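# Observations on chain architecture
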Amino acid sequence: MIHNVTAGEAVENQRQPRTITVSVNNQQVELPEHRATGLEIKQAAIAQGVHLQPNFQLSLKRGNRYEVIGDNDTIAVHPNQEFLAVAPDDNS
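A brief structural summary. (Residues numbered from 1 in each chain as written. Predicted model: local features only at pLDDT ≥ 70, side-chain atom pairs only at ≥ 80, totals over all residues. Heavy atoms only, no water.)

### Description of the overall build of the protein chain
Quick reminder of the rule: Numbering of helices and strands starts at the N terminus; helices are DSSP runs of H or I of at least 4 residues and strands are runs of E of at least 2. Think of it in three bands: residues with accessible area under 20% of the maximum for their type are buried, residues over 50% are exposed, and the middle band is partly exposed, with areas taken using a 1.4 Å probe on protein chains only. Throughout, a residue-residue contact means that at least one pair of heavy atoms, one from each residue, lies within 4.5 Å. Areas reported here follow the Shrake-Rupley algorithm with a probe of radius 1.4 Å; residue values treat only the protein chains shown as occluding.
Looking only at helices and strands, the protein chain has 2 helices and 7 strands in total. Starting at the N terminus, the α and β elements of the protein chain follow one another as α-β-β-β-α-β-β-β-β. Here the protein chain holds 92 residues, and the buried ones make up 28% of them. A separation threshold of at least 6 residues defines the contact pool for the protein chain, and within that pool the share at least 24 residues apart is 50%. Accessible surface for the protein chain amounts to roughly 6700 Å². Of this, 47% is attributable to carbon and sulfur atoms.

### As for the pattern of salt bridges
Put simply, the test is: Salt bridges, as used here, are contacts in which a Lys or Arg side-chain nitrogen is within 4 Å of a carboxyl oxygen on Asp or Glu.
Summed over all chains, the structure comprises 2 salt bridges. Across the pair Lys 42 and Asp 71 runs a salt bridge, and its minimum N-O distance is 2.6 Å. Taken together, the positions of Lys 42 in helix 2 (residues 38–47) and Asp 71 in the loop between strand 5 (65–69) and strand 6 (74–76) put the pair 29 residues apart, joining distant regions of the chain. Overall, Lys 42 belongs to the buried group, its relative accessible area being 2%. In this structure, the salt-bridge partner of Arg 62 is Glu 67, at a minimum N-O distance of 2.7 Å. Using a relative accessible area of 29% as the deciding quantity, one classes Glu 67 as partly exposed.

### Description of the nonpolar core
Nonpolar side chains tend to gather and get buried jointly when the protein is soluble and globular. This is how the line gets drawn: The criterion is simple. A nonpolar core is a set of buried Ala, Val, Leu, Ile, Met, Phe, Trp, Tyr and Cys residues joined through side-chain atoms within 4.5 Å.
Judged by nonpolar contacts, the single largest core of 19 residues is most densely connected at Val 22, Val 24, Val 29, Ile 41 and Phe 83. Listing elements by their share of this core, those giving two or more residues are strand 1 (20–24), strand 2 (27–31), helix 2, strand 4 (57–62) and strand 7 (82–86). Residues contacting Phe 83, with those up to four places away along its chain left out, are Val 22, Ser 23, Val 24, Asn 25, Ile 41, Leu 58, Ser 59, Leu 60 and Ile 75.

### A few points about the environment of Asn 80
When you line up the elements, Asn 80 lands in the loop between strand 6 and strand 7. Residue classification places Asn 80 among the exposed residues on the basis of a relative accessible area of 65%. Between the C-alpha atom of Asn 80 and that of Gln 28, which follows or precedes it by 52 residues, the distance is 8.8 Å. Sequence-distant contacts of Asn 80, defined by excluding residues within four places in its chain, comprise Thr 21 and Val 22.

### Some points on the sheet that holds strand 7
Across a sheet, paired strands are connected by hydrogen bonds in the backbone, their directions being either parallel or antiparallel. Stated formally: In this scheme, strands are said to pair when DSSP sees at least two bridges between them. The convention used is that axes are lines fitted to C-alpha atoms, helices contributing only their stretch in contact, and that angles between N-to-C directions extend from 0 to 180 degrees.
Reading across the sheet, the 5 strands line up as 2-1-7-4-5 and stay open at both edges, with mixed pairing between neighbours. Looking at strand neighbours, the two that pair on one side only are strand 2 and strand 5, the edges of this open sheet. In this sheet, adjacent strand axes meet at a mean angle of 35 degrees when their direction is disregarded. Two strands pair when backbone bridges link them, and strand 4 and strand 5 are joined in this way by 5 bridges, in the antiparallel orientation. Counterpart to Lys 61 in the pairing with strand 5 is Tyr 66.

Pasting the structure below:
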């Protein structure tokens, strides 16, 4: 006897985990979700070898400007987005 839950789980298990490639400080970073917090993006970047610290300020490039993304801000992540992470005392 097949239960709908089991069939649903089977379909879910067949889906490949999806990653989204973005750039953080001009280095490619793979993110596992379509939505992420600023802190999660920084943690993923650090885990993948980008030289930054968790206390760095993260910004998302939007056109010709950068929008600050707070650690607790959840954003929709899209392929090829560009993020910049700078030390808190860097006024660039």
